[in-house]
Amino acid sequence: MFRLWHANLQLLHQHKTLDVITLFHKPSLPSSTRVLNVLRTASATASETATEDQASDHAHHAKHQQRGEFQLDVTEEPPTPDQLRTILDYTAAQGVKPSAIIQGARDQEDALRRLKEHGDSSFIRPLVVDWINGKAVVGDNESEILRLVRQSCDLD
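Residues numbered from 1 in each chain as written. Predicted model: local features only at pLDDT ≥ 70, side-chain atom pairs only at ≥ 80, totals over all residues. Heavy atoms only, no water.

### Overview of the pairing of strand β4 (residues 135–138)
As paired elements, strand β3 (residues 127–130) and β4 share 4 bridges and run antiparallel to each other. Residue Val128 lies in a different strand from β4, and its bridge partner there is Val137. The loop that links β3 with its antiparallel partner β4 comprises 4 residues; one of these, Gly134, has a positive phi angle of about 65 degrees. (Pairing = 2+ DSSP bridges. Helix = DSSP H or I, 4+ residues; strand = E, 2+ residues; numbered from the N terminus.)

Next up, the structure:
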């Protein structure tokens, strides 16, 4: 009976939708390329760890378990207006001002206006967004990016 339950648990884990982490990337920026490399390494490590953990007992996980595999979405496009609103909400909760994301922006409405008027040139990269856990990291702070990648609020 336990083997059947454990096999079903493994199947559920394998079919679980992966968390999506998006990198708004600009290949010509060394800082953005560094962030991309950090995320690729973290994704590969998470994938290896998830494979090793599939047969292990998950009962020992702490309240804030580490994230397993995640889907890395890399885009060179600026965010859509809806994405920008969400990103600004995430970063405001972290004390980050809109001007750190959109050059010269005073508030959310100004950021949206500037993005519409100036497009790609006003958007500051690199920017990493964890859509599931509602967090974002502006710039190339490796320790903050790794913290974002490793933390998960998903306790299933």
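### So, unusual backbone geometry
A cis amide bond, omega 0 degrees, links Arg125 with the succeeding residue Pro126. Relative to the assigned elements, Pro126 resides in the loop between α4 (108–118) and β3.

### Considering the side chain of Asn133
Within the secondary structure, Asn133 sits in the loop between β3 and β4. For Asn133, the side chain forms a polar contact with the side chain of Asp130, separated by 3.0 Å. (Polar contact = N/O pair within 3.5 Å; in protein donor to acceptor, adjacent residues only side chain to side chain.)

### Some words on the environment of Ser99
Structurally, Ser99 can be placed in the loop between α3 (81–93) and α4. Separated by 24 residues in sequence, Ser99 and Phe123 place their C-alpha atoms 9.4 Å apart. When residues no more than four places from it in sequence are discounted, the contact partners of Ser99 are Gly104, Ala105 and Ile124. (Contact = heavy atoms within 4.5 Å.)

### Side note on the pairing of β3
Looking along a regular strand, one sees side chains alternate from face to face of the sheet. Burial along β3 is two-sided: Leu127 and Val129 and Val128 and Asp130, pointing in opposite directions, are all buried. In terms of strand pairing, strand β1 (residues 19–24) meets β3 through 4 bridges, oriented antiparallel. Bridge assignment links Thr22 to a residue of β3, and that residue is Val129. (Buried < 20%, exposed > 50% of the residue type's maximum accessible area, 1.4 Å probe, protein only.)

### Brief notes about the environment of Glu142
Along the polypeptide, Glu142 turns up in helix α5 (residues 142–150). Sequence separation of Glu142 and Val35 is 107 residues, and the distance between their C-alpha atoms is 7.2 Å.

### Here we look at the environment of Glu69
Positionally, Glu69 belongs in the loop between α2 (30–53) and β2 (70–75). Judged by its relative accessible area of 31%, Glu69 is partly exposed. Each C-alpha atom, one on Glu69 and one on Thr17, is 9.7 Å from the other, the two residues being 52 residues apart in sequence.

### With respect to the confidence of the model for the protein
Do not read the predicted coordinates in detail wherever pLDDT is low. With 74% of its residues at a pLDDT of at least 70, the protein reaches an overall mean of 82. Put simply, helix α1 (residues 2–15) is where the protein has its lowest mean pLDDT, 47, and β3 is where it has its highest, 97. (pLDDT = per-residue confidence, 0-100.)

### Thoughts on α4
Each α-helix winds once per 3.6 residues, and so residues spaced three or four apart point in a common direction. Turning to α4, its buried residues are Asp110, Ala111, Leu112, Arg114 and Leu115. N-cap assignment for α4: the residue whose side-chain oxygen lies 3.3 Å from the backbone N of Glu109 is Asp107. In the segment just after α4, Gly119 is the residue with positive phi, at about 55 degrees.

### Details of α5
When α5 is considered as a whole, its buried residues turn out to be Ile145, Leu146, Leu148 and Val149. One face of α5 carries all of its buried residues, which in axial projection span an arc of 160 degrees. (Arc of directions from axis to C-beta.)

### Remarks on the pattern of salt bridges
The full count for this structure, using the stated rule, is 8 salt bridges. Ionic pairing is found between Asp140 and Arg34, a salt bridge with its closest N-O pair at 2.6 Å. Of this pair, Asp140 sits in the loop between β4 and α5 while Arg34 sits in helix α2, placing them 106 residues apart in sequence. Look at Asp140 and you get partly exposed, because its relative accessible area is 32%. With relative accessibility at 46%, the residue Arg34 sits in the partly exposed group. Among the charged side chains, a network of salt bridges with common partners joins Arg106, Asp110, Arg113, Arg114 and Glu117. (Salt bridge = Lys/Arg side-chain N within 4 Å of Asp/Glu carboxyl O.)

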